[in-house]
Amino acid sequence: MCGIIGYTGSRPAGPLLLECLRRLEYRGYDSAGIALFDEQQQLYLARAEGKLDNLANRVEGRLPPAAAGIGHTRWATHGAPSDRNAHPQLDPSGRVAVVHNGIVENFEALRQRFTDRGDSFASDTDTEVLAHLIVDALDGGADLADAVRRVIGETEGAYSLVAITVDEPGRLVAARVGNAGGIVVGHGEGGADEQFVSSDLAAILPLTRTVTFLGPGEVVDVRADGVTLTDADGRAIERAPEVQPFDPVAAAKGRFRHFMLKEIHEQPDAALDAIRGRYLLDPPRVEIESFGFDEARVRDINRVVLVGMGTSLYAAMIARHYIERFARVPAEVDNASEFRYRRPVLDEHTLVISVGQSGETVDTLAAMEEAQRAGCAQLTICNTPGSQATRLADSTVLIRVGPEIAVASTKCLIGSIIALHAAALQLGRLRGVLDESTAREEIESALHLPAALGEALLLEDRVRELAARYAQFDDFLFLGRGLSYPVALEGALKLKEVSYIHAEGYAAGEMKHGPIALIDERMATVAIAVRDEVREKMRSNIEQVRARRGPVLALTSAGDESLEGVADDVLVIPAFDGALAPAVSLIPLQLLAYHIALERGADVDQPRNLAKTVTVE
């Protein structure tokens, strides 16, 4: 994902920003840049496509002796990787510089407003619109903090930004809008008049351990001698800085009690990581870096087999819909541990897609070896560059969501779903079967996903209340249909893993073929009844459970009130259209498992008997 860094103080800002950008490289990026105040208090800007070394070489011996500035590493969403699309972005007069992480969903309308009045744009990014908006507010008499607050009111989406202006050298203003794009402020230690702003605690921990985290909708006004925190309306917020412990594990958790909760909350940013540089709108298409199959090879494929284990298997089940819907190829899903024992029929016209986080799961690797012996084309979905799976496969789509520490996988599942969605769209384009309108709908939907995930995280207080009630049950049934069936399986798995409660996921149409015999007042049912083509059938399933006195917690989409009074409890999640909708349903189920586990006193991050990667059969 994009990395943000800012500094104001008395040290040379340029070398310090480059040092911090080095610590953000693990996130992945396609370009980098910095903006500093030069000797005349004008903006010095340097940007370079590619690795940070390209930027470092470009500025070597040229950095002004500045004491304040901002820096950035970028993954492209709007505009291809290039020098001109790298951040920071300026307004046409060079008065304001902005770095930005996230997506401004209404940037096209805002951009049109400025071009209609004759303003020019130097990039293809949504970020540049923010610089124009800030200058507009400054021209209207606002100071930099007020200008940023006005921007929040005019934009849609989930993002974070840091802005500087030549009007007030040495001052930085940062904001967090929604749950995507975190911001942490580091305070000078030992009485030093200096402050740091970053998207990642790891970037500034070697420099300070006294920090303040921004919440959604908050703005921080940063000067060398102190900071002022407000909400989006300018009301002051009092929050004592936190001192991060020297224990690197505890420090890595940041403000969260457990890694699992931290990683659940990282999912809007993880989605951005998985999307950046791949989903392009003009023209609408998906471009996956180092996708190893050309048009001729893809057209030769007449069958796709997806394999995985556990959570990755459920991602593969969702992807089966994607492959058949967008690439129009018959697809099937198999548990990797069973795959080679059934003597599968494979040949050179079969594409085998393996899904895994570590790339080292023994059963998945064995399935890949079986496919290799049969001469199949192979694509792997993986979060670990250089792993054995990436070496066995012909092509790799990296999940790109960063390290996942908790044993129970959360953000890797979201990343896997996005990577598989992107792969299906690219396969469909190469096969010539994906029409432009469908591609545009799915790409626009993907670009909105981080904001929807951020909205889903706002349900945590409600989920905590429900968890306190449902933690009393020792048996759960999770029901879903269509794309929500794998979500039900994953919801049951998460609850089993971290709370040790017996839970089963079922296709809702199967309920009357056995599980209905178990339903009574002692078994809770979680029904995923979101807005889709099978919602009415899900309502019928819920009524059948209630008729047998089974308590029901239903997930429904915002705007749908049809289950009020039908289910015992209703959890309303953000309405989201498109094939990526299962990702939005997953967050409340992850939170439910987490908070039920807390209620029951379980070890959330290291559940008994489980390992992060299964490397033996």
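Residues numbered from 1 in each chain as written. Predicted model: local features only at pLDDT ≥ 70, side-chain atom pairs only at ≥ 80, totals over all residues. Heavy atoms only, no water.

S.K.: If you had to explain the packing of aromatic side chains to someone new, which residues and values would you point to?
M.R.: Overall, the coordinates contain 8 aromatic pairs when judged by the stated rule. When the centroid spacing of 6.2 Å and the interplanar angle of 85° are considered together, the rings of phenylalanine 473 and phenylalanine 476 count as edge-to-face. One exposure class covers both phenylalanine 473 and phenylalanine 476, and it is buried. An aromatic cluster is defined as three or more aromatic residues linked by ring pairs; in this entry it consists of Tyr470, Phe473, Phe476 and Phe478. Sitting above the plane of the phenylalanine 121 ring, arginine 111 keeps its charged end 4.4 Å from the centroid. Here arginine 113 stacks its cationic end above the ring of phenylalanine 114, 5.2 Å away from the centre of that ring. (Phe/Tyr/Trp six-rings, centres within 6.5 Å; stacked < 30°, edge-to-face > 60°. Buried < 20%, exposed > 50% of the residue type's maximum accessible area, 1.4 Å probe, protein only. Lys NZ or Arg CZ within 6 Å of the ring centre and 35° of its normal.)

S.K.: Could you give an account of the pairing of strand 17 (residues 303–308), naming the residues involved and the relevant values?
M.R.: A regular strand places its side chains so that they alternate between the two faces of the sheet. Where burial is concerned, most of strand 17 is hidden: 5 out of the 6 residues are buried. Where strand 17 meets strand 19 (residues 350–355), 5 bridges bridge the pair, whose relative direction is parallel. By the bridge assignment for strand 19, valine 304 is matched with leucine 351. Of the strand pairs in this sheet, strand 17 and strand 18 (residues 331–335) are connected by 5 bridges, and their pairing is parallel. Residue pairing across strands places glycine 308 opposite asparagine 335, the latter belonging to strand 18. Once you follow strand 17 into helix 11 (residues 311–327) and on to strand 18, the crossover reads as right-handed. (Helix = DSSP H or I, 4+ residues; strand = E, 2+ residues; numbered from the N terminus. Pairing = 2+ DSSP bridges. Right-handed = clockwise from strand over helix to strand, strands pointing away.)

S.K.: Provide a residue-level description of the packing of helix 1 (residues 13–22) against helix 2 (residues 52–59), including the pertinent values.
M.R.: Here helix 1 crosses helix 2 at 170°, and the two axes come no closer than 11 Å. Considering the angle they form, helix 1 stands roughly antiparallel to helix 2. Taking contact as the criterion, the partners of Leu18, Leu21 and Arg22 in helix 1 are, on helix 2, Leu52, Asp53, Leu55, Ala56 and Val59. A class-by-class count of the residues in the contact of helix 1 with helix 2 yields 6 nonpolar, no polar and 2 charged. (Axes fitted to C-alpha atoms, helices over the stretch in contact; angles between N-to-C directions. Parallel < 35°, antiparallel > 145°, perpendicular 65-115°, else oblique. Contact = heavy atoms within 4.5 Å. Nonpolar A, V, L, I, M, F, W, Y, C, P; charged D, E, K, R; others polar.)

S.K.: Kindly report on empty space enclosed by the protein, identifying the contributing residues and their values.
M.R.: Over the atoms a probe the size of a water molecule is rolled, and this reveals where empty space is left. Tallying each qualifying case throughout the model produces 3 cavities of 30 Å³ or more. The computed volume of the largest cavity comes to approximately 60 Å³. Around the largest cavity sit 13 residues that line it, and Val355, Gly356, Gly359, Thr364 and Ala389 are the ones nearest its centre. At the level of elements, strand 19 and strand 20 (377–382) are the ones that each hand at least two residues to the lining of the largest cavity. Considering each element in turn, the lining of the largest cavity owes the most residues, 3 residues, to strand 20. Residues of the lining of the largest cavity, tallied by class, amount to 4 nonpolar, 8 polar and 1 charged. Of the voids in this model, the second largest cavity is the one considered here, and its volume is about 40 Å³. (1 Å grid on protein atoms, 1.4 Å probe; cavity = no way out; pocket = protein on both sides within 12 Å on 5 of 7 lines; lining within 4 Å. Points joined across faces, edges and corners; volume = space filled by probe spheres on them.)

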